[in-house]
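The residues making up each chain are set out below.
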Amino acid sequence: MPAAAYAGKECVCQFRRGVCDQTCVRDMLATPFYIACLKLRGRRCLVVGGGAIGLEKAEGLLACDGDVVVVAPEAGPELEALAAEGSIAWERRPYRPEDLDGAFLVIACTDDTDTNIAIYEDAERRAMLVNVVDVPPLCNFILPAIVRTGPLAIAISTAGASPALAKRMKAEVSELFGEEYATLAVLLNDARGWAKGTLPTYQDRKAFFEEIVNGEPDPIALLRAGDAAAVRDLIAAAQRTHQPA
């Protein structure tokens, strides 16, 4: 269970049980999540909280080119440095509902339950994305563990049941899908324009790319051997084979 939601602790969600009885997380593993990749470039992304978790969330949003605004009366030295260099905007004060105006999403990581609940309810009224860290009932989206290599991003989620398991899986997936997969993605992307402009149907394009990815010789094995030129030759051969008469 998330650290902030288990029996015996003070309730930190909108159900206000006094002492947590796990009402809020009983159906968590049965909840189907719609997995999506968000384009954050140029979008206002709000982080409420200036501690270590706030830093982690701000850095994750910056990595995706979000316009990050941190709201917190105090912030750690790393966040202060990001604000000083202009990478983020820091509003040095408590949260206000109008902070959500124009925001695409908000991540809250304060240690004040009333503030977290207010952020969630304010965001829900605006039909915007909100995540209160470690409090599942105060989230309408969750943040999976991410393996990121070049243009590839692999998301791993345990629906909040075990961050430790997600961390182990992330390490194993990182070893399984290394740099060669990112390189192949780039090479295949270079062929997308040709495929869309030349091959008339979706099925034709699907057959073209699957022949390259699943064919012989194996493009991943070639890239592991350092032979990107051979993969380019494979793509060129597939283009000749699939060129309409």
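Whatever comes next refers back to the structure up there.
Below is a summary of the structure that appears in this document.

Calculation criteria
Residues numbered from 1 in each chain as written. Predicted model: local features only at pLDDT ≥ 70, side-chain atom pairs only at ≥ 80, totals over all residues. Heavy atoms only, no water. Core = buried A, V, L, I, M, F, W, Y, C linked by side-chain atoms within 4.5 Å. Buried < 20%, exposed > 50% of the residue type's maximum accessible area, 1.4 Å probe, protein only. Helix = DSSP H or I, 4+ residues; strand = E, 2+ residues; numbered from the N terminus. Contact = heavy atoms within 4.5 Å. Polar contact = N/O pair within 3.5 Å; in protein donor to acceptor, adjacent residues only side chain to side chain. Axes fitted to C-alpha atoms, helices over the stretch in contact; angles between N-to-C directions. Left-handed = near helix turned anticlockwise from the far one by under 90°. Nonpolar A, V, L, I, M, F, W, Y, C, P; charged D, E, K, R; others polar. Pairing = 2+ DSSP bridges.

With that settled, the discussion passes to the nonpolar core. Soluble globular proteins tend to bury their nonpolar side chains together. Ranked by size, the top nonpolar core spans 19 residues in total, and within it Leu 61, Val 68, Val 70 and Leu 79 carry the most contacts. For this core, the elements supplying multiple residues, two or more each, are strand S1 (44-48), helix H1 (52-63), strand S2 (67-71), helix H2 (77-84) and strand S4 (103-108). Of the residues forming this core, the biggest block, three residues, is contributed by H1. In this structure, Leu 79 is in contact with Gly 49, Gly 50, Gly 51, Gly 54, Leu 55, Ala 58, Val 70 and Ile 88, ignoring residues within four places of it in sequence. If you look at the next biggest cluster of nonpolar residues, it comprises 18 residues, including Leu 46, Val 48, Val 71 and Tyr 120.

Here we come to the environment of Asp 227. Turning to its location among the elements, Asp 227 is positioned in the loop between helix H8 (219-224) and helix H9 (228-242). Classification of Asp 227 as partly exposed rests on a relative accessible area of 33%. At 3.1 Å, the side chain of Asp 227 forms a polar contact with the backbone nitrogen of Ala 230.

At a closest axis distance of 9 Å, the pairing of H1 and H2 adopts a crossing angle of 35 degrees. At the point where H1 passes H2, the crossing takes the left-handed sense. Across the interface between the two elements, Gly 54, Leu 55, Ala 58, Glu 59 and Leu 62 of H1 pack against Glu 78, Leu 79 and Leu 82 of H2. Of the residues belonging to the contact of H1 with H2, the class tally is five nonpolar, one polar and two charged.

With that out of the way, let us pick up the sheet that holds S2. Note on sheets: strands pair through backbone hydrogen bonds, and any given pair is parallel or antiparallel. If you trace the five strands from one edge of the open sheet to the other, you get S3-S2-S1-S4-S5, paired in parallel fashion. The two strands at the open ends of the sheet, each matched to only one other strand, are strand S3 (89-91) and strand S5 (129-132). Strand-to-strand, the axes of this sheet are offset by a mean angle of 20 degrees, without reference to chain direction. Along the sheet, H1 makes contact with S1, S2 and S4, crossing S1 at roughly 170 degrees.

So, to be careful, I would describe these as geometric facts and stop short of saying anything about function.
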